[in-house]
Amino acid sequence: MRSIPNAKRLHLKKQRLWLLPQKALFWEKKKILMIADPHLGKAEHFRRNGIPVPGSVNTTNLELLDRLLKAVEVEHLITLGDLFHSRHNREWDHFFEWRAKHRALEVTLVIGNHDILERDTYHSSRINLFHKLRIGPFLLVHDLSKVQFDPQKPGYLLSGHVHPAIQLRGKGRQSMKLPCFYFGNNQGILPAFGEFTGTHVIKPKPEDKVFAVVDGHLIPIQELT
C-alpha cells in the first residue's frame, strides 16, 4: 500500500487485508479500518489514582488515528474492544470532540471487558455497539476465550484483548519482546493500538503467521528467528 509505508499484505479467507505498522488492520475492499484495545482514558484513570502518567498518551492515540484516516480511504472504523479504559473522565471528552470532527465516519465498538460506560454515552458519540459482529467471512469479537469455534457456522475469528507480543531470544541472555499480529488457522489477534498498554507473550505454532511490529516496520517472525 503506497500511502502507508511498510504495510504488509495478507490474504485471509479470500480477502486481501493490509497490516499496518501503526498496529491496525485495513480491509481495503470494505474500506474498514480495524483496531483493538486503544484504552483511551487509561492515563487519566491512573492519574486519578495518584500515578503520574503523561496526559499526552490519549492525544497521541487520537492523532495517530487521524493520520491513518488521512492516509487510507476509510468509511468504517471498528474497534475490537476496550475503546475506553474505565469510567467517564475528561479524556472521553477529548474523544467526543474528535468524533465530532469525523461525523461521516461510521464507528463500531465490539464491546470489551473495559467498555463499562453507559450505553447512552456511546450512542451520544454515534457508536454502534455489538458483543460480536459478523462481516463477510470474519466474526469479530473482543476475547477469543469467550467464543467457541463452531464448525457449523464457519467464520474466521478476529479479536483483541490479549495485547499479543512475541519474545525473541538471541545469543547469551539477550531477549526482546515485541508487539505482534497473530494469525492461526481459525483465529487472529490484533496488537493493542493504545500506546499505554501492556503485552502478553504468545507461543505460536510453526504453521501460524506472526508479524512483529519493530520501529515502524512489520517483519514476519520467521525473519527474526
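Up top is the structure.
I will try to describe carefully the structure that is included in this document. (Residues numbered from 1 in each chain as written. Predicted model: local features only at pLDDT ≥ 70, side-chain atom pairs only at ≥ 80, totals over all residues. Heavy atoms only, no water.)

For soluble globular proteins, the rule of thumb is that nonpolar side chains tend to be buried together. L20, L33, L77, W92, F95, W98 and I127 are the most contacted members of the largest nonpolar core, which totals 31 residues. In terms of residue count, the dominant contributor to this core is helix α2 (residues 56-71) (five residues). If sequence neighbours within four positions are ignored, W92 has contacts with L83, F84, L117, T121, Y122, S125 and I127. Listed in part, the 24 residues of the second largest apolar core include L12, M34, F183 and L190. (Core = buried A, V, L, I, M, F, W, Y, C linked by side-chain atoms within 4.5 Å. Buried < 20%, exposed > 50% of the residue type's maximum accessible area, 1.4 Å probe, protein only. Helix = DSSP H or I, 4+ residues; strand = E, 2+ residues; numbered from the N terminus. Contact = heavy atoms within 4.5 Å.)

The next subject is the packing of aromatic side chains. Tallying each qualifying case throughout the model produces seven aromatic pairs. A centroid spacing of 5.1 Å and a plane angle of 85° characterise the contact between W27 and F138, whose relative ring orientation is edge-to-face. With W27 in strand β3 (residues 24-27) and F138 in strand β9 (residues 138-140), the pair connects residues that are 111 residues apart, well separated along the chain. Residue W27 shares its accessibility class with F138, and that shared class is buried. Geometrically, the ring pair formed by F181 and F183 is stacked, given 6.4 Å between the ring centres and 10° between the ring planes. Given the relative accessible area of 3%, F183 is considered buried. Connected via pairs of aromatic rings, a cluster forms that spans F84, W92, F95, W98 and Y122. Sitting over the ring of W27, K30 keeps its end group 5.9 Å from the ring centre. (Phe/Tyr/Trp six-rings, centres within 6.5 Å; stacked < 30°, edge-to-face > 60°. Lys NZ or Arg CZ within 6 Å of the ring centre and 35° of its normal.)

Our focus in this paragraph is the pairing of strand β11 (residues 164-169). Inspection of the sheet shows β11 paired to strand β14 (residues 200-201) by two bridges, in the parallel sense. Note that in β14 the partner of A165 across the bridge is V201. Pairing of β11 with strand β12 (residues 175-183) involves five bridges; the strand directions are antiparallel. Residue pairing across strands places Q167 opposite K177, the latter belonging to β12. (Pairing = 2+ DSSP bridges.)

With that out of the way, let us pick up the pattern of salt bridges. Inspection of every chain in the model, using the stated rule, returns four salt bridges. Salt-bridge contacts for K31 lead to E73; the nearest nitrogen and oxygen are separated by 2.9 Å. With a gap of 42 residues between them, K31 in the loop between β3 and β4 (32-35) and E73 in the loop between α2 and β5 (76-79) connect regions that are remote in the sequence. Where salt bridges share partners, they join K31, E73 and E75 into one cluster. (Salt bridge = Lys/Arg side-chain N within 4 Å of Asp/Glu carboxyl O.)

The subject of this paragraph is the environment of L190. Considering the arrangement of structural elements, one finds L190 in the loop between β13 (187-189) and β14. Sequence-wise, L190 and C180 are 10 residues apart; in three dimensions their C-alpha atoms are separated by 7.3 Å.

What follows concerns the sheet that holds strand β2 (residues 15-20). Spatially, the seven strands line up as an open sheet ordered β1-β2-β3-β4-β5-β6-β7, and their pairing is mixed. On the outer flanks of this sheet lie β1 (8-12) and β7 (127-130), each paired with one strand and no other. Each strand of the sheet is rotated relative to its neighbour by a mean of 25°, with strand direction disregarded. Direction of pairing for β5 relative to strand β6 (residues 106-110): parallel, over a ladder of four bridges. By the bridge assignment, H76 is partnered in β6 with E106. (Axes fitted to C-alpha atoms, helices over the stretch in contact; angles between N-to-C directions.)

This part takes up the side chain of D143. Along the chain, D143 turns up in the loop between β9 and β10 (156-159). Buried within the structure, D143 lacks any salt-bridge partner; K146 is the closest side chain of opposite charge, at an N-O distance of 4.6 Å. Side chain to side chain, D143 and S145 meet in a polar contact 2.8 Å long. Side chain to side chain, D143 and H161 meet in a polar contact 3.4 Å long. (Lys, Arg positive; Asp, Glu negative; His and termini not counted. Polar contact = N/O pair within 3.5 Å; in protein donor to acceptor, adjacent residues only side chain to side chain.)

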